[in-house]
Protein chains: 2
Amino acid sequence: MAGKVEARKAALREKLVEAAEIRIARDGAGALRARDLAQDAGCALGAIYNAYDDLTAIIMAVNGRTFQHLGAAVEASVADADHEPPTQRLILMSNAYLRFAAENTNLWRALFDLQMTAEGPVPDWYLQALEGLFANIARPVAELFPGKGAEETGLMVRALFSSVHGIVLLGLERRISGVPPEQIETMIAQVLGQIGPG
Amino acid sequence: MAGKVEARKAALREKLVEAAEIRIARDGAGALRARDLAQDAGCALGAIYNAYDDLTAIIMAVNGRTFQHLGAAVEASVADADHEPPTQRLILMSNAYLRFAAENTNLWRALFDLQMTAEGPVPDWYLQALEGLFANIARPVAELFPGKGAEETGLMVRALFSSVHGIVLLGLERRISGVPPEQIETMIAQVLGQIGPG
DNA sequence: TCAGTATTTTGAACGTGGTTCAAATTGAAG
DNA sequence: CTTCAATTTGAACCACGTTCAAAATACTGA
């Protein structure tokens, strides 16, 4: 019975991220409360701190899942779009990004909100998840700018991702943008439609 | 001596925003503490709540100033650039935006961080300040796309602002972007340089 | 099986921080 | 100077993340 405690610990970790995911999705990461989480997971308040260092670590665990889902959604959007021109593939991915953000706003926000708050270095898997996203963008961009070097292409990839991210971010903040959600796609197309050589 | 209390109250409000501005600029809006603020302003803890509804209201007051400074910086960047082509003017404004954000990161972040947190409606002057920024962008955009209607131009203005905002936001988050600050200008130019008719 | 030891779980308690409010202080009026 | 209203004060309240000594549980050897 050596793995019994291990298994119980793992089960608790699992229950905690699941409960946290539900709460973050519903109320946002800022509304996550240790006491609520303990209740949801059916454990003692202190047990949370046996499973994770602190609440931030749990949010990070949720972010890990969210990144997976986000990455899958973006990749699926161009899974069978090889025949489409590169600009169109960029637009497809961006719309998938928008859709994911719109349907999972709080979880998606947690992905980027956390960075601002926490001081320490971003975990490695975080950066790698981002690189994964960038890799998908890099393919159409490389097709669009065959002449450019890797350096400049890499910057362009980040610039385009950041642009779409900004459009989605402010666009979903209805109170600021005043733009109805269905217009966000138009804005993305307006910007990405311009991208191309010469 | 009718206006005496009024004046004292106004003076306290002033001291509070000034102290808050200094603290937010140094440590970020999230690190603002009521007790520190009271000490800085030389008033009792409770006095804060005579002058303002809550800490959020003080941050909003600071944001009001920040918006003024930001608007002034952006306008100044194209003050005597009428002879420049529209794309160049967009780049000038964007670089001014970047520069302001880089030099006043915490104050600039507070401008957008707060929205996420607070639930209530955004105050009117907030939206008007944004409209003021948009108006500056609208001029070059209208020159670039003389054929487009007001509707589409308005969307494009928001799309471009959001794009630059996104590039600056993620670019300054060094831990995420991994891009050195001086490259952010390059990314802005990469995207804005593409904008133009047909 | 059981006593003894190690490990895990528990939740009361601590520290921090925003906000409140009864009491003290200050200012206005007679 | 006295009285009354308004303002100012800071101790106290509550919510929350986190800790840690004690209780519960699991493991080991006889």
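Our structure is the block above this text.
Residues numbered from 1 in each chain as written. Chains lettered and ligands numbered in written order. Predicted model: local features only at pLDDT ≥ 70, side-chain atom pairs only at ≥ 80, totals over all residues. Heavy atoms only, no water.

Draft legend 1. Just the packing of helix α5 (residues 86-103) of chain A against helix α7 (residues 124-144) of chain A, in detail. Residue and element names in this part refer to chain A. Look at α5 against α7: their axes get within 8 Å of each other, and the N-to-C directions meet at 155°. Judged by the angle between their axes, α5 and α7 are roughly antiparallel. In this structure, α5 meets α7 at a crossing whose hand is left-handed. Residues Pro86, Thr87, Arg89, Leu90 and Met93 of α5 form the contact with α7, whose own contacting residues are Asn136, Ile137, Arg139, Pro140, Val141, Glu143 and Leu144. Along the lines of polarity and charge, the residues of the contact of α5 with α7 split into seven nonpolar, two polar and three charged. (Axes fitted to C-alpha atoms, helices over the stretch in contact; angles between N-to-C directions. Helix = DSSP H or I, 4+ residues; strand = E, 2+ residues; numbered from the N terminus. Parallel < 35°, antiparallel > 145°, perpendicular 65-115°, else oblique. Left-handed = near helix turned anticlockwise from the far one by under 90°. Contact = heavy atoms within 4.5 Å. Nonpolar A, V, L, I, M, F, W, Y, C, P; charged D, E, K, R; others polar.)

Draft legend 2. Quick peek at the interface of chain B and chain A. The partner chain A presents 39 residues to the 39 residues of chain B that form the contact. Buried area between chain B and chain A, both sides added, is near 3,400 Å², and the carbon and sulfur share of it is 66%. If you look at where chain B meets chain A, you find zero salt bridges. There are six residue pairs in polar contact (both at pLDDT 80 or more) connecting chain B and chain A. Within the residue set of the side of chain B that touches chain A, elements represented by two or more residues are α6 (105-117), α7 (124-144), α8 (150-172), α9 (174-177) and α10 (182-192) of chain B. (Buried area = accessible area lost by both parts, 1.4 Å probe. Salt bridge = Lys/Arg side-chain N within 4 Å of Asp/Glu carboxyl O. Polar contact = N/O pair within 3.5 Å; in protein donor to acceptor, adjacent residues only side chain to side chain.)

Draft legend 3. Region of the structure containing the packing of aromatic side chains. Residues and elements named next belong to chain A. Here the structure, examined in full by the defined rule, presents twelve aromatic pairs over all chains. The interplanar angle of 65° and the centroid separation of 6.2 Å between the aromatic rings of Trp108 and Phe112 together place this pair among those described as edge-to-face. Separated by four residues within a single helix, Trp108 and Phe112 lie in helix α6 (residues 105-117), roughly one turn from each other. Judged on exposure class, the residue Trp108 and its partner Phe112 are both buried. (Phe/Tyr/Trp six-rings, centres within 6.5 Å; stacked < 30°, edge-to-face > 60°. Buried < 20%, exposed > 50% of the residue type's maximum accessible area, 1.4 Å probe, protein only.)

Draft legend 4. Representation of the side chain of Thr153 of chain B in the model. Residues and elements named next belong to chain B. Position of Thr153 among the secondary structure elements: in helix α8. Residue classification places Thr153 among the buried residues on the basis of a relative accessible area of 14%. With near-sequence residues (within four places) excluded, Thr153 lies in contact with Val141, Ala142 and Lys148.

Draft legend 5. Focus on the layout of surface pockets. Residue and element names in this part refer to chain A. Within this model, the second largest pocket holds a volume of roughly 210 Å³. Residue lining of the second largest pocket: Arg8, Lys9, Ala11, Leu12, Lys15, Ala41, Gly42, Cys43, Ala47, Asn50 and Ala51, and that is the complete set. Among the elements of the structure, α1 (3-27) and α3 (48-51) are those that each provide at least two residues to the lining of the second largest pocket. Among the elements that make up the lining of the second largest pocket, the one with the highest residue count is α1 (five residues). Grouping the amino acids of the lining of the second largest pocket by side-chain chemistry returns six nonpolar, two polar and three charged. (1 Å grid on protein atoms, 1.4 Å probe; cavity = no way out; pocket = protein on both sides within 12 Å on 5 of 7 lines; lining within 4 Å. Points joined across faces, edges and corners; volume = space filled by probe spheres on them.)

Draft legend 6. Here's a closer look at the environment of Asn63 of chain A. All names here are of chain A. Relative to the assigned elements, Asn63 resides in helix α4 (residues 55-77). Sequence separation between Asn63 and His165 is 102 residues, and the spatial gap between their C-alpha atoms is 17 Å. Excluding residues that lie within four positions of it along the chain, Asn63 makes contacts with Leu107, Ala110, Leu111, Leu114, Trp125 and Tyr126.

Draft legend 7. Seen up close, the protein's contact with DNA strand D. Residues and elements named next belong to chain A. Taken together, 16 residues sit near DNA strand D, with Leu32, Arg33, Ala34, Arg35 and Tyr49 positioned nearest. Counting only the atoms of DNA strand D that lie within 4 Å of the protein, the sugar and phosphate share comes to 52%. Take Leu55: an N or O atom from its main chain is 3.2 Å from a phosphate oxygen of DNA strand D. Of the residues that constitute the surface near DNA strand D, the class distribution is nine nonpolar, three polar and four charged. (Near = heavy atom within 4 Å.)

Draft legend 8. Examining the pattern of salt bridges more closely. As enumerated under the stated definition, the model contains 20 salt bridges over all chains in all. Glu18 of chain B is paired through a salt bridge with Arg65 of chain B; the nearest N and O atoms lie 3.6 Å apart. Remark: Arg65 of chain B occurs in helix α4 (residues 55-77) and Glu18 of chain B occurs in helix α1 (residues 3-27); sequence separation between them is 47 residues. Judged by its relative accessible area of 23%, Arg65 of chain B is partly exposed. Across the pair Glu131 of chain B and Arg158 of chain B runs a salt bridge whose closest N-O atoms are separated by 2.9 Å. Of this pair, Glu131 of chain B sits in helix α7 while Arg158 of chain B sits in helix α8, and the two are 27 residues apart along the sequence. A relative accessible area of 18% means that Arg158 of chain B is categorised as buried. Salt bridges here are not isolated pairs; linked through shared partners, they connect Glu14, Glu18, Glu21 and Arg65 of chain A.

The values reported here are purely geometric and, on their own, carry no functional implication.
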